[in-house]
Amino acid sequence: MLTTEPLLIAALVALGLGLAGGSLSAADPEPSEATLAVTVEPMLIAQLGAEHFGNAVYRRGTRGPRIAASGTRILEWAIQESAPATEVVPSSPERYSNGACAMDVNGDGTDEMVVARDTAGGHESDVLWFEEVPGQAQWQEHLVGHVTEWEAPHDIMPLEMVVAGRAIKGVALVAARRSLYWYEIPADPAQPWEKHEIADLRQNGMVESESGLVLGDLAGHGRPDLVCGNFWAECPADPTREPWVVRRYGDWDGHPLPGKPAGWGGMCQLDLGDLDDDGQLEIVAAESEIPEARLGVFSRNPADPDGVWKATLVDTGLYCPHSLVVTDVDGDGRPDILVGEMTAGGWEVPRKADPKLYLYLNQGDLTFRRYELYSGWGVHMMRMAPRQPMDSRAFIFGADEIQSWYEDMTTHVVGWTIGPRAEKANSALRGR
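Residues numbered from 1 in each chain as written. Predicted model: local features only at pLDDT ≥ 70, side-chain atom pairs only at ≥ 80, totals over all residues. Heavy atoms only, no water.

A few points about the overall build of the protein
Piece 1. For the protein, the helix and strand inventory stands at 1 helix and 29 strands.
Piece 2. In the protein, which comprises 432 residues, the proportion classed as buried is 59%.
Piece 3. Considering only contacts within the protein whose residues lie at least 6 apart along the sequence, 54% involve residues at least 24 apart.
Piece 4. As displayed, the protein has an accessible area near 16600 Å², and 50% of this comes from carbon and sulfur atoms. (Helix = DSSP H or I, 4+ residues; strand = E, 2+ residues; numbered from the N terminus. Buried < 20%, exposed > 50% of the residue type's maximum accessible area, 1.4 Å probe, protein only. Contact = heavy atoms within 4.5 Å. Areas by Shrake-Rupley, 256 points an atom, 1.4 Å probe, with all protein chains shown as cover.)

Listed below in structure tokens is the structure:
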């Protein structure tokens with residue numbers, strides 16, 4: 001359920017950051033800053049030209065927090081306005097996949113980057129991890145494993161749990177928008193990682209394509225269950241030996257909006273949160289690849305825990321919302337929803353001149369009030385940096401304009417600091 005109110009963005013100019021293409025919607029009459037309970041500080045980190053960058057991740061580097069992005073090479077920036085780029089992995093004939101994550105692979109206290117790179121002309125891929133070596137300009141490459149599916153991993157996320165007192169770390173991924181795997185880090189992470197199959201979604205009722213990936217304790221067993229597309233997989237007590245149980249939570253892939261073909265609803269951006277304060281995690285999903293897209297919250301039915309979850313439609317009419325973050329931004333203790341639109345959809349759909357960043361402020365009982373936080377910067381695979389101690393603000397970021405067939409596209413890396421309005425706005429990130 002949704003209500004809307006406008007936001008006055010003019011106050012952001014006073015922060016010295018400028019709008020950099022942002023503007024108010026013409027449909028917003030006499031907006032007032034008093035209608036919003038948060039402050040918003042935009043940051044243009046890098047303007048990159050026509051180069052393709054499919055994903056950006058936050059990592060703890062040897063020189064402090066950094067954002068790294070992968071395309072045909074990997075660049076890294078400090079988190080600041082107009083940050084200079086550092087090339088940490090040189091250009092490759094084959095491009096890196098959209099899927100990527102950062103995690104401490106080798107226990108050295110800094111984060112390594114895990115990403116896949118095309119091989120065999122793009123029909124297969126190598127999953128790799130890159131290590132920052134002190135004193136060296138270039139990161140060191142290590143092999144995780146080889147994926148033989150025709151499309152490189154669209155999503156890669158860290159996976160951690162404890163089995164029989166032993167800590168297990170690795171990454172989960174979805175390849176070819178249908179195959180779910182996880183790779184276990186061995187005692188020597190420089191050696192190839194052990195590959196474990198989770199599921200082939202074609203054997204579980206997949207309609208067409210499924211993508212998007214998030215992990216969290218959905219079953220209430222204290223283990224990292226996995227959500228991909230319209231399915232969720234329950235993690236067993238020992239995922240190195242036992243099978244995952246795959247169930248459908250939604251049916252968007254088979255029930256399109258009027259005028260839309262079936263199958264598009266399986267390609268989602270996903271996040272989790274207890275949005276109705278019932279002690280259970282809900283799944284939040286946005287149809288990420290298409291215009292006129294849906295945003296919804298899915299709640300597990302206690303009377304039918306293995307069946308399709310109850311869907312609460314939050315919004316429709318979104319343009320390729322390939323960015324989704326669930327977090328409390330106004331400090332009231334309730335998770336809110338942040339959604340970012342792309343500049344150009346991933347399937348050559350018409351471009352949007354004014355992609356939006358929306359906030360859906362949680363009003364309780366699965367009702368939300370929508371605010372337009374920014375207009376003019378698209379984002380793809382938006383992420384949130386870890387929250388800092390004693391700082392109630394959230395920092396979200398992403399790269400966009402990744403479509404190489406548009407010669408006039410100008411890729412950028414951007415971020416927003418969003419926090420309770422009671423806090424004094426400050427363009428610095430307080431040591432992020």
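A look at the side chain of Asp-126
Piece 1. Note on placement: Asp-126 falls in strand 9 (residues 124-131).
Piece 2. At 5.2 Å, Arg-117 is the nearest oppositely charged side chain to Asp-126, a buried residue that forms no salt bridge.
Piece 3. A distance of 2.7 Å separates the side chain of Asp-126 from the side chain of His-146, its partner in a polar contact.
Piece 4. When neighbours within four sequence positions are excluded, Asp-126 is seen to be in contact with Val-115, Ala-116, Arg-117, Thr-119, Leu-143, Gly-145 and His-146. (Lys, Arg positive; Asp, Glu negative; His and termini not counted. Salt bridge = Lys/Arg side-chain N within 4 Å of Asp/Glu carboxyl O. Polar contact = N/O pair within 3.5 Å; in protein donor to acceptor, adjacent residues only side chain to side chain.)

Side note on the pairing of strand 19 (residues 268-273)
As a general feature of sheets, a regular strand has side chains that alternate between the two faces.
Piece 1. In terms of burial, strand 19 is a largely internal element, 6 of the 6 residues being buried.
Piece 2. Two elements, strand 19 and strand 20 (residues 282-287), share 6 bridges in a ladder whose sense is antiparallel. Considered in strand 20, the bridge of Asp-271 is made with Val-284. (Pairing = 2+ DSSP bridges.)

Examining the sheet that holds strand 19
Piece 1. Strands sit in the order 19-20-21-22 across an open sheet of 4 strands; the sheet is antiparallel. Only two strands of the sheet have a single partner each, and these edge strands are strand 19 and strand 22 (310-318). Adjacent strand axes in the sheet meet at a mean angle of 15 degrees when their direction is disregarded.
Piece 2. Pairing of strand 20 with strand 21 (residues 293-299) involves 4 bridges; the strand directions are antiparallel. Along strand 21, the bridge assignment pairs Ile-283 with Phe-298. (Axes fitted to C-alpha atoms, helices over the stretch in contact; angles between N-to-C directions.)

So, the environment of Arg-202
Piece 1. Counting through the fold element by element, Arg-202 comes out in the loop between strand 14 (194-200) and strand 15 (214-216).
Piece 2. Spatially, the C-alpha atoms of Arg-202 and Arg-178 are 6.6 Å apart, while their sequence positions differ by 24 residues.
Piece 3. A distance of 2.8 Å separates a polar atom in the side chain of Arg-202 from a polar atom in the side chain of Asp-200.

Regarding the packing of aromatic side chains
Piece 1. Taken as a whole and assessed by the stated rule, the structure comprises 11 aromatic pairs.
Piece 2. Geometrically, the ring pair formed by Tyr-249 and Trp-309 is edge-to-face, given 6.3 Å between the ring centres and 65 degrees between the ring planes. Separated by 60 residues along the polypeptide, Tyr-249 in the loop between strand 18 (245-248) and strand 19 and Trp-309 in the loop between strand 21 and strand 22 bring together distant segments of the chain.
Piece 3. Of the residues examined, Trp-309 reaches a relative accessible area of 4% and is grouped as buried.
Piece 4. An aromatic cluster is defined as three or more aromatic residues linked by ring pairs; in this entry it consists of Trp-232, Tyr-249, Trp-252, Phe-298 and Trp-309. (Phe/Tyr/Trp six-rings, centres within 6.5 Å; stacked < 30°, edge-to-face > 60°.)

Brief notes about the pairing of strand 26 (residues 367-375)
Piece 1. Where burial is concerned, most of strand 26 is hidden: 7 out of the 9 residues are buried.
Piece 2. If you look at the hairpin formed by strand 25 (residues 356-364) and strand 26, you'll find 2 residues sitting between the two strands, and Asp-365 has a positive phi there, around 55 degrees.

What to know about the sheet that holds strand 13 (residues 179-184)
Strand pairing in a sheet is mediated by backbone hydrogen bonds. Such pairs are either parallel or antiparallel.
Piece 1. The strand order 11-12-13-14 describes an open sheet built from 4 strands, whose pairing is antiparallel. Each end of this open sheet is capped by a strand with a single partner; those strands are strand 11 (155-163) and strand 14. In this sheet, adjacent strand axes meet at a mean angle of 25 degrees when their direction is disregarded.

Overview of the confidence of the model for the protein
Piece 1. Here the protein shows a mean pLDDT of 88. Residues at 70 or above account for 89%.
Piece 2. Low pLDDT, under 50, characterises residues 423-432; the stretch is placed with 34 contacts to residues that sit more than four places away or in other chains. (pLDDT = per-residue confidence, 0-100.)

Considering the side chain of His-322
Piece 1. Locating His-322 in the fold gives a position in the loop between strand 22 and strand 23 (323-327).
Piece 2. A polar atom in the side chain of His-322 sits 3.2 Å from the side chain of Glu-289.
Piece 3. Excluding residues that lie within four positions of it along the chain, His-322 makes contacts with His-154, Gln-269, Ser-288, Glu-289, Gly-340, Met-342, His-380, Met-381 and Met-382.

Describing the environment of Gly-296
Piece 1. Secondary-structure assignment places Gly-296 in strand 21.
Piece 2. Overall, the relative accessible area of 2% leaves Gly-296 in the buried class.
Piece 3. When the C-alpha atoms of Gly-296 and Val-314 are compared, they prove to be 5.0 Å apart, with 18 residues separating the residues in sequence.
Piece 4. When neighbours within four sequence positions are excluded, Gly-296 is seen to be in contact with Trp-252, Ile-283, Val-284, Ala-285, Thr-312, Leu-313 and Val-314.

Re the layout of surface pockets
Piece 1. Approximately 810 Å³ is the volume found for the largest pocket.
Piece 2. Surrounding the largest pocket, 28 residues form its lining, Met-157, Pro-158, Asp-271, Arg-383 and Met-384 being those nearest its centre.
Piece 3. Residues of the lining of the largest pocket, tallied by class, amount to 20 nonpolar, 3 polar and 5 charged.
Piece 4. Here the second largest pocket defines a volume of roughly 510 Å³.
Piece 5. Around the second largest pocket, the lining comprises 22 residues; the ones closest to its centre are Arg-95, Asn-98, Glu-151, Arg-177 and Gly-346.
Piece 6. When its residues are assigned to classes, the lining of the second largest pocket shows 7 nonpolar, 10 polar and 5 charged. (1 Å grid on protein atoms, 1.4 Å probe; cavity = no way out; pocket = protein on both sides within 12 Å on 5 of 7 lines; lining within 4 Å. Points joined across faces, edges and corners; volume = space filled by probe spheres on them. Nonpolar A, V, L, I, M, F, W, Y, C, P; charged D, E, K, R; others polar.)

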